[in-house]
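Architecture and fold: a report
Chain by chain, the residues run as shown.
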Amino acid sequence: MEGAMSPIKEYVDRVAGFYERYSQYVRRNPAATAQLESTVRTLSYLIAGRFADSHEISELVYSASNLLVLFNDSILRKGLRCAFPVSLSQQRLLTWLSVVEYVEVFLEMGACKLWGEVGRWLVIGLIQIFKAVCRIVLLLRYKSGIQTSPPIIPLDRGADFSEDESSAEQQEDTCFVGQRSGRVIRSLGSAAPSLQSQLWGTPSQKKKKKRRSSLMEKLNNQPTQLGLQETIAESVYIGRPLVHLLCLGFFGKQSWKPWLVSGVLEVSSFAVLNETKFQNRWERTEMRRRVFLLLYYLLRSPFYDKYSEEKILFLLKLLADHVPGIGLVARPLMDYLPTWQKIYFYNWG
């Protein structure tokens, strides 16, 4: 029995050692890690439309890049000892909700490929139910305020970490620490700081403190508490996708009723929440994102099929033919629009 367990233990130790080395690399090189994540994401754009099943593989790579960001951010937060000011159960709920949001498009594509339209709509319904239940629990039980997308906001590597590293390196180069006394003494070659920097701090120090406070705000600030009216409005926003799915089932995809009902619910929810004075920057950013998402109704069927499609394609073709360089973006976008229209979570997720 011990002989059988030893290969498993050796494998587990090897994986644990690899995780530890990778964690140390991420903590020491946050900027390089961000470049790796951007490279993977760019690769997903380059794959799309190149070969058969390229859209599914492209979405898989894109989902993997988002999961990599989530994983690396968790390592960086542990290194900074800046954990979320929430319970472990809430943190797990936020993590699972983020994972589902990152992979939902790929799951929809995979279900359609394996099981056809019936399987696709079944997976869409299960995902929307899971997301709605998790968000309602976060809203009502944990009092988490308005729900952001993604639920765990990614860290800004350049703003939150690069400045700290450069400042630390500069301090190491210009200071000497006495072995016995422990006093920090400037080297003879280094210039004395100006009176302004002694009193008020250098611009880089101010920038560092501002960026550091931005990181602390994202990690430590409590969400703005919602009143009864605002809580109902946020619940309406959370339940809107389920209501839309039910309307699709009753009235069909070509009916105007699902489009109208969804739009009325979303606009009503936004109108109530827009009156709230949110205290945190990430909450105000989420409200701006919701304003932008209202424009998606111009790209959602049946409005898109009857009114927007011809105008959008005409505009893209006009730009591609007459504006130099725009065709590199406009023509692939024109080719991808039909595929984009077929994916539920691109339009309504």
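Cut-offs and rules
- Residues numbered from 1 in each chain as written.
- Predicted model: local features only at pLDDT ≥ 70, side-chain atom pairs only at ≥ 80, totals over all residues.
- Heavy atoms only, no water.
- Core = buried A, V, L, I, M, F, W, Y, C linked by side-chain atoms within 4.5 Å.
- Buried < 20%, exposed > 50% of the residue type's maximum accessible area, 1.4 Å probe, protein only.
- Helix = DSSP H or I, 4+ residues; strand = E, 2+ residues; numbered from the N terminus.
- Contact = heavy atoms within 4.5 Å.
- Axes fitted to C-alpha atoms, helices over the stretch in contact; angles between N-to-C directions.
- Parallel < 35°, antiparallel > 145°, perpendicular 65-115°, else oblique.
- Left-handed = near helix turned anticlockwise from the far one by under 90°.
- Nonpolar A, V, L, I, M, F, W, Y, C, P; charged D, E, K, R; others polar.
- Salt bridge = Lys/Arg side-chain N within 4 Å of Asp/Glu carboxyl O.
- pLDDT = per-residue confidence, 0-100.
- Polar contact = N/O pair within 3.5 Å; in protein donor to acceptor, adjacent residues only side chain to side chain.
- Phe/Tyr/Trp six-rings, centres within 6.5 Å; stacked < 30°, edge-to-face > 60°.
- Expected span 1.5 Å × (residues − 1).
- Bend = angle between axes of the 7 residues up to and from the residue.
- Patch = residues over 30% accessible without salt bridge, like charges linked within 9 Å, V, L, I, M, F, W, Y side chains within 5 Å.
- Areas by Shrake-Rupley, 256 points an atom, 1.4 Å probe, with all protein chains shown as cover.

Looking now at the nonpolar core. One finds V105, Y344, F345 and Y346 to be the most contacted residues of the largest nonpolar core, which totals 17 residues. Of all the secondary structure elements, the ones that give two or more residues to this core are α4 (88-140), α8 (228-251) and α13 (344-347). Among the elements that take part in this core, α4 stands out by supplying seven residues, more than any other. Once residues lying within four places of it in the same chain are set aside, the contact partners of Y346 are E59, V105, M109, Y296, Y336 and W340. Listed in part, the ten residues of the second largest apolar core include A132, A233, I238 and F270.

By the element assignment, C247 lies in helix α8. Note on C247: relative accessible area 10%, which makes it buried. Leaving out residues up to four positions away in the same chain, C247 has contacts with G252, P258 and V261.

What follows is about the packing of helix α9 (residues 256-273) against helix α10 (residues 281-294). The interhelical angle for the contact between α9 and α10, taken along N-to-C directions, is 150°, at an axis separation of 11 Å. In terms of axis orientation, α9 runs roughly antiparallel to α10. Between α9 and α10 lies a crossing whose hand is left-handed. Contacts from E266, V267, F270 and L273 in α9 reach M287, R290, V291, L293 and L294 in α10. Taken together, the residues of the contact of α9 with α10 break down into seven nonpolar, no polar and two charged.

Further remarks concern the pattern of salt bridges. Considering all chains together, one arrives at twelve salt bridges under this definition. One salt bridge in this structure joins K9 and D13, with 3.2 Å as the shortest N-O distance. Linking K9 with D13, this pair stays in helix α1 (residues 2-28), spanning four residues, or about one helical turn. R14 is paired through a salt bridge with E10; the nearest N and O atoms lie 3.0 Å apart. In this pair, R14 and E10 both sit in helix α1, four residues apart, roughly one turn of the helix. Look at R14 and you get exposed, because its relative accessible area is 55%.

Let's shift gears to the confidence of the model for the protein chain. Residues at a pLDDT of 70 or more form 79% of the protein chain, whose mean pLDDT is 83. Here residues 163-175 is a poorly scored stretch, pLDDT under 50, and it has 16 contacts once near neighbours within four places are set aside; other chains count.

A few words on the environment of S89. Checked against the element boundaries, S89 lands in helix α4. On the accessibility criterion, S89 (38% relative accessible area) is partly exposed. Taking the C-alpha atoms as reference points, S89 and Y142, 53 residues apart in sequence, are found 9.9 Å from one another. Within polar-contact distance, the side chain of S89 engages the side chain of Y142 at 2.8 Å.

On to the packing of aromatic side chains. Per the stated rule, a full pass over the model turns up 17 aromatic pairs. Between F18 and Y22, the aromatic rings sit 6.5 Å apart at their centres with planes inclined by 20°, giving stacked as the arrangement. Taken together, the residues F18 and Y22, both in helix α1 and four residues apart, mark about one turn of the helix. With a relative accessible area of 19%, Y22 lands in the buried category. Pairing W256 with F303 gives two aromatic rings, centres 6.4 Å apart and planes at 90°, and the pair type is edge-to-face. Separated by 47 residues along the polypeptide, W256 in helix α9 and F303 in helix α11 (residues 303-322) bring together distant segments of the chain.

Moving on, we come to helix α12 (residues 327-342). The terminal C-alpha atoms of α12 lie 23 Å apart, and with 16 residues this matches the ideal 22 Å at 1.5 Å per residue to within 8%. For α12, the principal kink sits at Y336 and spans about 40°; a proline, P338, occurs within the next four residues. Every buried residue belonging to α12 is among G327, A330, L337, W340 and Q341, and all of these are buried. The elements touched by buried residues of α12 are α11 and α13.

On the surface, F314, L315, L318, L319, V323 and I326 cluster together to form a nonpolar patch covering roughly 500 Å² of accessible area. For L319, the position within the fold is in helix α11.

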